[in-house]
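So you can see what is in the structure, the chains are spelled out below.
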Amino acid sequence: MKLYHLAIALLATATLAIAAPEVGKPAPAFTLTDSNGKSHSLSDFEGKFVVLEWVNFGCPFVKKFYDSGEMQKLQEKHTGSDVVWLSICSSAEGKQGFHTPEELQAKLERVGYNGSGYLLDSDGAVGKAYEARTTPEMFVIDPKGVLVYKGAIDDKPTPNAEDIADAKNYVDAAITEAKAGSPVTKAETKSYGCSVKY
Amino acid sequence: MNKSWLAPLLIACFFGGVARPLAAQVLDGKTLVEAELVANTEGIVPGQTFYVGLRLRMAPGWHTYWQYSGDAGIPTTIAWELPEGFGAGPIEWPMPTAKLEPGDIEVYGYSGEVLLLVAIQPPPDLVVGSEVTIRGNASWLVCEAICIPGNAELSITLPVISTAPKSQNAEFDFWQRRVPSADPPPFSIQWEQSAKGLSGRVLSDATLNSVRFFPLPVENQPVGHPSVTEEGGESIIRVDAVAPLRGVVAAEVGGEERAWLVVADADDAMAASSQGFPPLWQALLYGFLGGIILNLMPCVLPVISLKVFGFIRQAGADPRRIFLHGAAFSGGIFLWFLGLGAVIVALKASGSEVTWAFQFQNPAFILTIAAIVFVFALNLCGVFEMTLPGKAVGTMSDLSGQEGYSGSFFQGVFATLLATPCTGPFLGTALGFAFSQPSAVVMAMFGSIALGMASPYLLLSARSEWMKFLPKPGAWMEKLKQFMAFPLFATLLWLLSILGGQKGIDGILWASAFFLCLGLSVWIYGAFCTPVSSVRTRAIAIVLALLIAVGGGWFFIGGGFANAASPSASTNTKSGIQWESFSQARLDELLAAGTPVFVDFTADWCITCKFNERTAINVPAVRALINEMGIVPIKADWTNSNPEITATLKRFGRVGVPFYVIYPAGRADDPITLPEILTESMVLDALKKAR
């Protein structure tokens, strides 16, 4: 029995490793627990658009969007029957951005979090599978599980909230274009932000 | 005393946002970054470019970012507020260090301290004695385990003076040396593109230690983490990216950290710095052959059989002893040549290796070698003779009069010395080229020449019956000597062609005019300064020869040659882009007619501008597209302040160069602008949109 479990585990990790995040290809599968202790897998959301937002509340570039309320607005806009917004924190224990589920419940309430779920990835496995390097870093996955966007949240790589208004939001554009059935024009951009604290 | 005004004043100063030269970024009572604006001059000379630097002093463990920050972080920016008529160039970034963070994250930046340099161009109409304040708003991101954005409103005030003091600013010199140079580097890289990315073999004559590559991708160009490995004595740079990729190669050369801008393009290898020198084995072969041919010179050939007979006489009939005499004689020849090689190596050691390897980029060096080659060729033609000083001949004669092997040894040295009038020209030329080669190659070359020269003695002393195969001396030797002048003239032609690439047709003409004077003065020396002419004749001849040579040099070289522009700078080369000078009137006229226009805002003191022009604009594909589409190329040269250009830049919200604007045909109100870092494909794509 143990050998069987080991084999499955190895196979699972292997699939995780093989599926590198390439636009146009299926996005890497994952299973993570959220701040309420509930487990979610990517496959749970088949048939819906999935937005992945790499987050670290201490990073000035993440604060740019949360302190100004802009991230919460985006989350509200893009959650519903057909879109799911998941925030993933890959900060290792003891590093900036890491919070326990108890801390998170209070924090998410305080910032007015509007996403579908805040997932904890403290061993960094999912972050590394997606090659997430900065916070924020955004991924958009279509209802068939194919990655259609990866990269920056917008085109103004600064920590200043004043720059959000004039910036072109790549996530907005990707979801709008993908929903309309047209190819995403800016499908891959260089993300900006603090490094993920693995 | 009533001090009620003091507190409000102090508070006002604290909050008034008065720009200061120095500002500190503090977190929880600890200073993370101290930012200061400094200048490399005590005063501003109207119209003369100077440098301002943003000095960032970071707390230990904290770092700020480079021009390309890497996987995370953002580069430092400076927004300038310049007085009327002033312009600023882009930040000149010293070479960074790479930092690897957990999760395979690599960033490029600075720790400790860094000075970010910016060229400032003042207008020519400043009033001497007035003061000028330059303001800059610097923004950066400083990180340790966490990141904190910082910014500072800085200013620097300088007086306007009439002439700049010639003092060196050590701090600016240090950091300027660490800014990547846009000059051709002392290496070439052969790039290859594969599915795994780019790989480049670094080929160099100089010794490069600790080679590093820092990428400079254009917006959204994906690039992996570069790695450099040593394979078979060569450095191989690997980076997961698609050509073309700009970047910086840093290395320790000649004991100094230097860096160069490069473009990784798999299509064409970068121009080699060694101007096509033959590989080592070829050089050695030529040296050996050259040494053999030297034996045919009038001063050498008659001596060979005499010397060998001398060995036979001394050694009696014992073949072994005959050969040993021959070997000793050859030893003397080797001493002479290897000694010459050692002198060159010692001279080279006095300058850094990089300097010597660079010499073939330097027109003055090429000119000097060409002059020497020309004079030597004239010597072979018989225009003048070279004579040896009497004292040297006397000493050598005594030494070689000794019997035994040591006598033969010194005879070898003496014979080679005596052969100098004939062999001098070739040795002189070889000496000149030797300067640009590494020390090991120099010694090897001279060794092979020595071997070539010594080979008849070795062969004939081993088998004295072969002497019957020796050519008989005769008048033909003088003709051979004259004939040998022609390979030297061919070398001169080759050197002139290199000079032409550097200084254009004008450069070749001025240099040739100088050579004409040199030839005349050398003829005067040769014709009138002979051992049989009177002292008075000799004195007049020498004075006249010197006058003509120096006069020709001063007039043709100092005047004409020095001012000859390099071909790429001239606006009228047939194969180059036919740039028009910028003028607002002309631009308006073209736009009104609906013509597509490409404006290149550049300046001589802007390294990035020059690099962009060389690698992304003055390239065949762009030239062809410009011609085909009928785009009018305009160069807005801002080297000397130009109010029209300044006004145009301002309209686009810019204070400096580089800057590129493309006005599409018939859509002048919708111009396309290009960013600071250009690649050929970016320019091509943008130009295509101008239809």
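Residues numbered from 1 in each chain as written. Chains lettered and ligands numbered in written order. Predicted model: local features only at pLDDT ≥ 70, side-chain atom pairs only at ≥ 80, totals over all residues.

(A) Spotlight on the overall build of chain B. Per the secondary structure count, chain B includes 19 helices and 23 strands. For chain B, with 691 residues in total, the buried portion stands at 37%. Across chain B, every contact between residues at least 6 apart in sequence was considered, and the portion connecting residues at least 24 apart equals 76%. (Helix = DSSP H or I, 4+ residues; strand = E, 2+ residues; numbered from the N terminus. Buried ≥ 20, exposed ≤ 12 C-beta atoms within 10 Å, placed from the backbone. Contact = placed C-beta atoms within 7 Å.)

(B) Broad picture of the pairing of strand β3 (residues 50–58) of chain B. Residue and element names in this part refer to chain B. Sheet analysis places strand β2 (residues 30–39) next to β3, joined by 7 bridges and oriented antiparallel. In the sheet register, Val33 faces β3, and the bridge partner there is Met58. Two elements, β3 and strand β9 (residues 113–121), share 8 bridges in a ladder whose sense is antiparallel. When the sheet's bridge partners are listed, Gly53 is paired in β9 with Leu117. (Pairing = 2+ DSSP bridges.)

(C) Local environment of the sheet that holds strand β1 (residues 22–27) of chain B. Residue and element names in this part refer to chain B. The strand order β1-β2-β3-β9-β6 describes an open sheet built from 5 strands, whose pairing is antiparallel. Every other strand in the sheet has two partners, leaving β1 and β6 (87–92) as the edge strands with one partner each. Across the sheet, the mean angle separating the axes of adjacent strands is 20° when strand polarity is ignored. Sitting on the sheet, helix α2 (residues 170–177) touches β3 and β9, and the angle it makes with β9 is about 95°. (Axes fitted to C-alpha atoms, helices over the stretch in contact; angles between N-to-C directions.)

(D) Region of the structure containing the interface of chain A and chain B. Contacts between the two partners involve 21 residues from chain A and, on the opposite side, 14 residues from chain B. Split by residue class, the side of chain A that touches chain B holds 8 nonpolar, 9 polar and 4 charged. (Nonpolar A, V, L, I, M, F, W, Y, C, P; charged D, E, K, R; others polar.)

(E) Broad picture of helix α16 (residues 607–617) of chain B. All names here are of chain B. With 9 of its 11 residues buried, α16 lies for the most part within the structure. Considered for burial, the residues of α16 that qualify are Ile607, Thr608, Cys609, Phe611, Asn612, Glu613, Thr615, Ala616 and Ile617. Contacts made by the buried residues of α16 are with β6, β18 (256–264), β20 (597–602), α17 (620–629) and α19 (680–688).

(F) Inspection of the pairing of β2(B) at higher detail. Residues and elements named next belong to chain B. Bridge analysis of β1 against β2 gives 6 bridges, and the strand direction is antiparallel. Across the sheet, the residue bridging to Ala23 is Ala35, located in β2. Between β1 and β2, which pair antiparallel one after the other, the connecting turn spans 2 residues, and Asp28 there sits at a positive phi close to 50°.

(G) Fine view of the nonpolar core. Ranked by internal contacts, the top residues of the largest apolar core, which has 148 residues, are Val140(A) and Val171(A). Not counting chain neighbours up to four residues away, the residues in contact with Val140(A) comprise Phe49(A), Val51(A), Val148(A), Tyr149(A), Val171(A), Ala174(A), Ile175(A) and Ala178(A). Judged by nonpolar contacts, the second largest core, of 38 residues, contains Phe337(B), Ile344(B), Ala415(B) and Phe426(B). (Core = buried A, V, L, I, M, F, W, Y, C linked by C-beta atoms within 7 Å.)

(H) Here's a closer look at the environment of Gly290(B). All names here are of chain B. Position of Gly290 relative to the elements: it lies in helix α3 (residues 280–294). Gly290 sits 160 residues away from Ala450 along the chain, and the two C-alpha atoms are 9.4 Å apart. Discounting chain neighbours no more than four positions away, the residues touching Gly290 are Phe426, Ile449 and Gly452.

(I) A look at the sheet that holds strand β1 (residues 31–34) of chain A. Residues and elements named next belong to chain A. Spatially, 7 strands are ordered β2-β1-β5-β4-β3-β7-β8 in an open sheet, and the strand pairing comes out mixed. Across the chains shown, the open sheet's two edge strands, defined by having one partner strand only, are β2 (39–41) and β8 (147–151). Averaged over neighbouring strand pairs, the angle between their axes works out to 30° when direction is ignored.

(J) Looking closely at the packing of helix α7 (residues 363–381) of chain B against helix α13 (residues 485–528) of chain B. Residues and elements named next belong to chain B. At a closest axis distance of 6 Å, the pairing of α7 and α13 adopts a crossing angle of 30°. On the basis of the axis angle, α7 is roughly parallel to α13. The interaxial crossing formed by α7 with α13 has right-handed handedness. Class assignment for the residues of the contact of α7 with α13 results in 26 nonpolar, 4 polar and 1 charged. (Parallel < 35°, antiparallel > 145°, perpendicular 65-115°, else oblique. Left-handed = near helix turned anticlockwise from the far one by under 90°.)

By themselves these figures say nothing about function.
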